[in-house]
Amino acid sequence: MIRLVQTSAAVLALLGGSAQAASVHADLALATLGAPGAAVGTVTLKDGPKGAILKIDLHGLPPGAHGFHIHDKGSCDPGPDKTGKIVPAGAAGGHFDPAATGKHEGPDGMGHMGDLPLITVDAAGGAKASLLAPRITSVKDLTGHALMLHAGGDNYSDTPAPLGGGGARLACGVIG
């Protein structure tokens, strides 16, 4: 019995896994040009066998589809957009793209690593779901990056609108 446990631990170590999956979270608040806005919920990210599992528990948001991404920097402060205009949560920078692909292809594509599944908010302003981000193999690597919910939907393409057409930054939280 002891030998079996040692062997299982060795196999997990070789596969890069562990007996306990890593987990991180972000508390999201509305993005504003001033102090952080109202809290809108939490997202927990956990390593899973087929990629990262994101448990979404959000409230107080406009109904509809919203683009959802990991951004490069760990700040939700106002900051400049690509044109230099100060925008809510602009200090988070662009989408997390460690391979410098420069492409927006969605969670299953080979573009930005920060491309996450679309979030749909119900008529009451809430969203509770478990989403899969198959290309993310270690949620610990996301610590210190911002998690961003955009005002509009996301078509996982750069056409007809850049970055899927998600538009303004609606809510933000730093992954920790």
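Everything discussed here concerns the structure shown above.
Since the structure is predicted, the reported quantities are computational estimates derived from the model, not experimental observations.

How each quantity is defined
- Residues numbered from 1 in each chain as written.
- Predicted model: local features only at pLDDT ≥ 70, side-chain atom pairs only at ≥ 80, totals over all residues.
- Heavy atoms only, no water.
- Helix = DSSP H or I, 4+ residues; strand = E, 2+ residues; numbered from the N terminus.
- Buried < 20%, exposed > 50% of the residue type's maximum accessible area, 1.4 Å probe, protein only.
- Areas by Shrake-Rupley, 256 points an atom, 1.4 Å probe, with all protein chains shown as cover.
- Pairing = 2+ DSSP bridges.
- Axes fitted to C-alpha atoms, helices over the stretch in contact; angles between N-to-C directions.
- Polar contact = N/O pair within 3.5 Å; in protein donor to acceptor, adjacent residues only side chain to side chain.
- Contact = heavy atoms within 4.5 Å.
- Core = buried A, V, L, I, M, F, W, Y, C linked by side-chain atoms within 4.5 Å.
- Salt bridge = Lys/Arg side-chain N within 4 Å of Asp/Glu carboxyl O.

Considering the overall build of the protein chain
Regarding its fold elements, the protein chain presents one helix and eleven strands. Mapped in sequence order, the helices and strands of the protein chain form the string α-β-β-β-β-β-β-β-β-β-β-β. Counting every position in the protein chain, which comprises 176 residues, the buried fraction comes to 38%. Of the roughly 9,100 Å² of accessible surface on the protein chain, 62% is carried by carbon and sulfur atoms.

Focus on the pairing of strand S2 (residues 39-48)
In this sheet, S2 lies alongside strand S1 (residues 23-30) in antiparallel orientation, the contact comprising seven bridges. In the sheet register, Ala26 faces S2, and the bridge partner there is Val43. Relative to strand S3 (residues 51-58), S2 is paired through eight bridges, and the arrangement is antiparallel. Paired with Leu45 across the bridge in S3 is Leu54.

So, the sheet that holds S1
Adjacent strands of a sheet pair through backbone hydrogen bonds, lying either parallel or antiparallel. If you trace the seven strands from one edge of the open sheet to the other, you get S5-S10-S11-S1-S2-S3-S9, paired in antiparallel fashion. With one partner strand each, in any of the chains shown, strand S5 (68-71) and strand S9 (127-133) form the two edges of the open sheet. The average angle at which neighbouring strand axes cross in this sheet is 25°, direction not considered.

Side note on the side chain of His95
Here His95 is to be found in the loop between strand S7 (86-87) and strand S8 (119-121). Residue classification places His95 among the buried positions, given a relative accessible area of 9%. Side chain to side chain, His95 and His112 meet in a polar contact 3.3 Å long.

Considering the pairing of S1
In terms of strand pairing, S1 meets strand S11 (residues 169-174) through two bridges, oriented antiparallel. Across the sheet, Ala29 pairs through a bridge with Cys172, a residue of S11.

What about the environment of Lys128?
The topology assignment puts Lys128 in strand S9. Sequence separation between Lys128 and Leu58 is 70 residues, and the spatial gap between their C-alpha atoms is 6.4 Å. Excluding residues within four positions of it along the chain, Lys128 makes contact with Ile56 and Asp57.

What to know about the nonpolar core
Counting 29 residues, the largest nonpolar core has Leu54 and Leu147 as its most contacted members. Looking at this core, the elements with two or more residues in it are S1, S2, S3, S5, S8, S9, strand S10 (146-150) and S11. A total of four residues in this core trace back to one element, the largest contributor, which is S3. Once residues lying within four places of it in the same chain are set aside, the contact partners of Leu54 are Val43, Thr44, Leu45, Phe68, Leu116, Ala129, Ser130, Leu131 and Ala133.

Looking at the pattern of salt bridges
This structure, assessed with the given rule, holds two salt bridges. When the shortest N-O distance is used, the salt bridge between Asp57 and Lys128 registers 3.9 Å. With Asp57 in strand S3 and Lys128 in strand S9, the pair connects residues that are 71 residues apart, well separated along the chain. Relative accessible area serves as the criterion here: at 69%, Lys128 is assigned to the exposed category. In this structure, Lys73 engages Asp72 in a salt bridge whose closest nitrogen and oxygen atoms are separated by 3.7 Å. Judged by relative accessible area, Lys73 falls into the partly exposed class, the value being 45%.

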